[in-house]
Amino acid sequence: MQQRVAVLGTGKIGEALLSGMIRAGWSTDDLMCTARRAERAEALRARYGVEVVSNIEAAKAADTLILAVKPQDMSTLLEELSPHLPADRLVISAAAGVPSAFFEERLPAGVPVVRVMPNTPVLVDEGMSVISGGSHATEDHLLRAEAIFKPVGKTLRVPESQQDAATALSGSGPAYFYYLVEAMTDAGILLGLPRDKAHDLIVQAAIGAAVMLRDSGEHPVKLREAVTSPAGTTISAIRELEKHGVRAALIAALEAARDRSRELGTGHS
Ligand SMILES: NC(=O)C1=CN([C@@H]2O[C@H](COP(=O)(O)OP(=O)(O)OC[C@H]3O[C@@H](n4cnc5c(N)ncnc54)[C@H](O)[C@@H]3O)[C@@H](O)[C@H]2O)C=CC1
Ligand SMILES: O=C(O)[C@@H]1CCC=N1
């Protein structure tokens, strides 16, 4: 079945998904989106040629609704949608932390909910979308969700109890790599390189390392050992990373992200 899909809340991730679906060949006739501000609606219309409608119109017209507002705005959106949502619609939430039960309690009885945690590399078809079904979601609903997210990267099904951890690793994951690139570019400046050259060197090192990680099948320890020559440069850098507790910092950082995802799911602002 060709679904009509609406993105509700077309901000950074909503727009990334919308653009990905268009790149993947979805007809703009089968897509629509919603926006809070008139200028934003106009920009989306002009950029993608999709209909920008109200949330209520989207609930009535689309088979699948992707809810991509902030967790803190979800309750208001569900209040608006619920009286107008036919029970055969598939609701996909991209919100961090918010459990499928939150939607099930606020939407008409039996509405299937699928929780998905994508990440921004969907913009370059290298996303990861982590998928869990709520209590009314069938295999068919999960397949419908995968049909949307697979063309823009990989998908992985997990039990919903693992979604907060997946959010910490994968949803937020790209940000950690950008942060590392930023910090290592600063190091290049300290070492006397021009910023643009430092940036290019680090970005290419990141791309090369990422492709090797993905394609070689080797464990990251093996790949790192191959770079680390006896009495060489790399081991001097690794010693500093260990001295400064970078591994422990990363573990603590991802634990904090997981905890924040949990908090968002329990209605903290
Ligand atoms: N940015 C990211 O990398 C990722 C974000 N997410 C999730 O996606 C959701 C959105 O995050 P971002 O795109 O970063 O935020 P954002 O702030 O860029 O986008 C949210 C959009 O929703 C709109 N909005 C709010 N209430 C609305 C309503 N009632 N009707 C229509 N539009 C409404 C806002 O105007 C805004 O454009 C969050 O729940 C977040 O947890 C999930 C995975 C990755
Ligand atoms: O920072 C956030 O809360 C969102 C969810 C995952 C990535 N960005």
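Residues numbered from 1 in each chain as written. Chains lettered and ligands numbered in written order. Predicted model: local features only at pLDDT ≥ 70, side-chain atom pairs only at ≥ 80, totals over all residues. Heavy atoms only, no water.

A. Here's a closer look at the sheet that holds strand β3 (residues 51-52). What the eight strands build is an open sheet, ordered β3-β2-β1-β4-β5-β6-β7-β8; its pairing is mixed. Edge positions in the sheet fall to β3 and β8 (153-157), since each of these pairs with one other strand and no more. Note that strand β5 (residues 90-93) and strand β6 (residues 113-117) share three bridges and pair parallel. Paired with Ile92 across the two strands is Val114, which belongs to β6. (Pairing = 2+ DSSP bridges. Helix = DSSP H or I, 4+ residues; strand = E, 2+ residues; numbered from the N terminus.)

B. Molecular detail of the site of ligand 1. Looking at ligand 1, there are 18 residues lining it, with Lys12, Ile13, Asn55, Val69 and Ala96 nearest. In this structure, an oxygen atom belonging to ligand 1 sits 3.0 Å away from a main-chain N or O atom of Lys12. One of the side-chain N or O atoms of Arg36 is found 3.4 Å from an oxygen atom in ligand 1. Here the residues of the shell around ligand 1 sort into nine nonpolar, five polar and four charged. (Near = heavy atom within 4 Å. Polar contact = N/O pair within 3.5 Å; in protein donor to acceptor, adjacent residues only side chain to side chain. Nonpolar A, V, L, I, M, F, W, Y, C, P; charged D, E, K, R; others polar.)

C. Fine view of the side chain of Thr10. Within the secondary structure, Thr10 is located in the loop between β1 (5-8) and α1 (12-23). For Thr10, a relative accessible area of 4% gives the class buried. A distance of 2.7 Å separates the side chain of Thr10 from the backbone oxygen of Thr34, its partner in a polar contact. When neighbours within four sequence positions are excluded, Thr10 is seen to be in contact with Glu15, Leu18, Cys33, Thr34, Arg40 and Leu44. (Buried < 20%, exposed > 50% of the residue type's maximum accessible area, 1.4 Å probe, protein only. Contact = heavy atoms within 4.5 Å.)

D. Focus on the environment of Asp215. For Asp215, the position within the fold is in helix α9 (residues 195-216). For Asp215, a relative accessible area of 51% puts it in the exposed group.

E. Highlighting helix α4 (residues 74-81). Considered for burial, the residues of α4 that qualify are Met74, Leu77, Leu78 and Leu81. Viewed along the axis of α4, the buried residues span an arc of 95 degrees, placing them on a single side of the element. In α4, those exposed residues whose orientation departs by more than 90 degrees from the buried face are Thr76 and Glu79. Among the structural elements, β1, α3 (55-61), β4 (64-67), β5 and α5 (100-106) are those in contact with the buried residues of α4. (Arc of directions from axis to C-beta.)

F. View of the nonpolar core. Met21, Ile66, Ile92, Val114 and Ile148 are the most contacted members of the largest nonpolar core, which has 27 residues in total. Secondary structure elements with two or more residues in this core: β1, α1, β2 (31-34), α2 (38-48), β5, β6 and α6 (139-149). Look past the residues within four positions of Ile66 in its chain and what remains in contact with it is Val5, Ala6, Val7, Leu8, Leu17, Met21, Ile92 and Ile148. By size, the runner-up hydrophobic cluster in this structure holds 22 residues, among which are Met32, Ala62, Leu85 and Val113. (Core = buried A, V, L, I, M, F, W, Y, C linked by side-chain atoms within 4.5 Å.)

G. Local environment of the domain arrangement of the protein chain. One can read the domain layout of the protein chain as domain 1 (5-158) and domain 2 (173-265). Here the C-alpha centre of domain 2 lies 33 Å away from the C-alpha centre of domain 1. Across the boundary between the two partners, domain 1 contributes ten residues, which contact seven residues of domain 2. On inspection of domain 1 and its partner domain 2, the count reaches one salt bridge. Two residues, Arg214 and Glu126, come together in a salt bridge whose shortest N-O distance is 3.7 Å. Put simply, domain 1 and domain 2 have one residue pair in polar contact (both at pLDDT 80 or more) between them. For the side of domain 1 that touches domain 2, a count of residues per class yields five nonpolar, four polar and one charged. (Domains from an automatic or database assignment. Salt bridge = Lys/Arg side-chain N within 4 Å of Asp/Glu carboxyl O.)

H. Spatial organisation of the packing of aromatic side chains. Taken as a whole and judged by the stated rule, the model has one aromatic pair. Taking 5.9 Å as the distance between ring centres and 75 degrees as the angle between the ring planes, the aromatic pair formed by Phe102 and Phe103 counts as edge-to-face. Directly above the aromatic system of Phe102 lies the positively charged group of Arg106, at a separation of 3.6 Å from the ring centroid. (Phe/Tyr/Trp six-rings, centres within 6.5 Å; stacked < 30°, edge-to-face > 60°. Lys NZ or Arg CZ within 6 Å of the ring centre and 35° of its normal.)

I. View of the site of ligand 2. Around ligand 2 sit Ala96, Gly171 and Ser172, and that is every residue in its neighbourhood. Its free accessible area being 250 Å², ligand 2 has 47% of it covered by the protein chains. (Areas by Shrake-Rupley, 256 points an atom, 1.4 Å probe, with all protein chains shown as cover.)

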